[in-house]
Amino acid sequence: MLGDVRVAGEDLEEKTAALLSDGDQVTIEGKEKRAKVLFLSGSPLKEEIAWGGPVVMNTREELQQAFKELEEGTFIK
């Protein structure tokens, strides 16, 4: 998100993510003239999460392998 906005009645600063509850509508209001918002919807994956910097995997082992591949230049095949 670029620019401050109000999402579902809550003020959010630029570059902030929000997790919304279940429902069938949401109100997003720009607090600045040119705010940009990326709105995504999906079902929870209900999987383990291992996060390290820019990389998200399911396990610490997968995360370590990903960083090894990043160093070797083979991460994106």
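Residues numbered from 1 in each chain as written. Predicted model: local features only at pLDDT ≥ 70, side-chain atom pairs only at ≥ 80, totals over all residues. Heavy atoms only, no water.

Caption draft 1: Just the pattern of salt bridges, in detail. Scanning the model with the defined rule gives 3 salt bridges in all. With a closest N to O distance of 3.5 Å, Lys31 and Asp11 form a salt bridge. Remark: Asp11 occurs in strand S2 (residues 10–12) and Lys31 occurs in the loop between strand S3 (28–30) and strand S4 (50–52); sequence separation between them is 20 residues. Its relative accessible area of 49% is what places Lys31 among the partly exposed residues. The class for Asp11 is partly exposed, based on a relative accessible area of 44%. Lys68 is the partner of Glu72 in a salt bridge, and the nearest nitrogen-oxygen pair spans 3.7 Å. (Salt bridge = Lys/Arg side-chain N within 4 Å of Asp/Glu carboxyl O. Helix = DSSP H or I, 4+ residues; strand = E, 2+ residues; numbered from the N terminus. Buried < 20%, exposed > 50% of the residue type's maximum accessible area, 1.4 Å probe, protein only.)

Caption draft 2: Fine view of the confidence of the model for the chain. Scored by pLDDT, the chain comes out at a mean of 87, with 97% of its residues at no less than 70. Mean pLDDT values for the elements of the chain range from 88 in S3 up to 94 in helix H1 (residues 60–72). (pLDDT = per-residue confidence, 0-100.)

Caption draft 3: Quick look at the sheet that holds strand S1 (residues 5–7). Read from one edge of the open sheet, 3 strands run S2-S1-S3, paired in antiparallel fashion. The two strands at the open ends of the sheet, each matched to only one other strand, are S2 and S3. For this sheet, the mean angle separating the axes of adjacent strands, direction not counted, is 25°. One ladder, built from 3 bridges, connects S1 with S2; its direction is antiparallel. Looking at the pairing, Val5 lines up with Leu12 of S2. (Pairing = 2+ DSSP bridges. Axes fitted to C-alpha atoms, helices over the stretch in contact; angles between N-to-C directions.)

Caption draft 4: A look at the environment of Val37. Note on placement: Val37 falls in the loop between S3 and S4. What makes Val37 partly exposed here is its relative accessible area of 40%. With 20 residues separating them in the primary sequence, Val37 and Ala17 have C-alpha atoms 9.8 Å apart.

Caption draft 5: Inspection of a nonpolar patch on the surface at higher detail. Taken together, the side chains of Leu20, Val26, Ile28, Val37 and Phe39 make up a nonpolar region of the molecular surface, amounting to roughly 390 Å² of accessible area. When you line up the elements, Val26 lands in the loop between S2 and S3. (Patch = residues over 30% accessible without salt bridge, like charges linked within 9 Å, V, L, I, M, F, W, Y side chains within 5 Å. Areas by Shrake-Rupley, 256 points an atom, 1.4 Å probe, with all protein chains shown as cover.)

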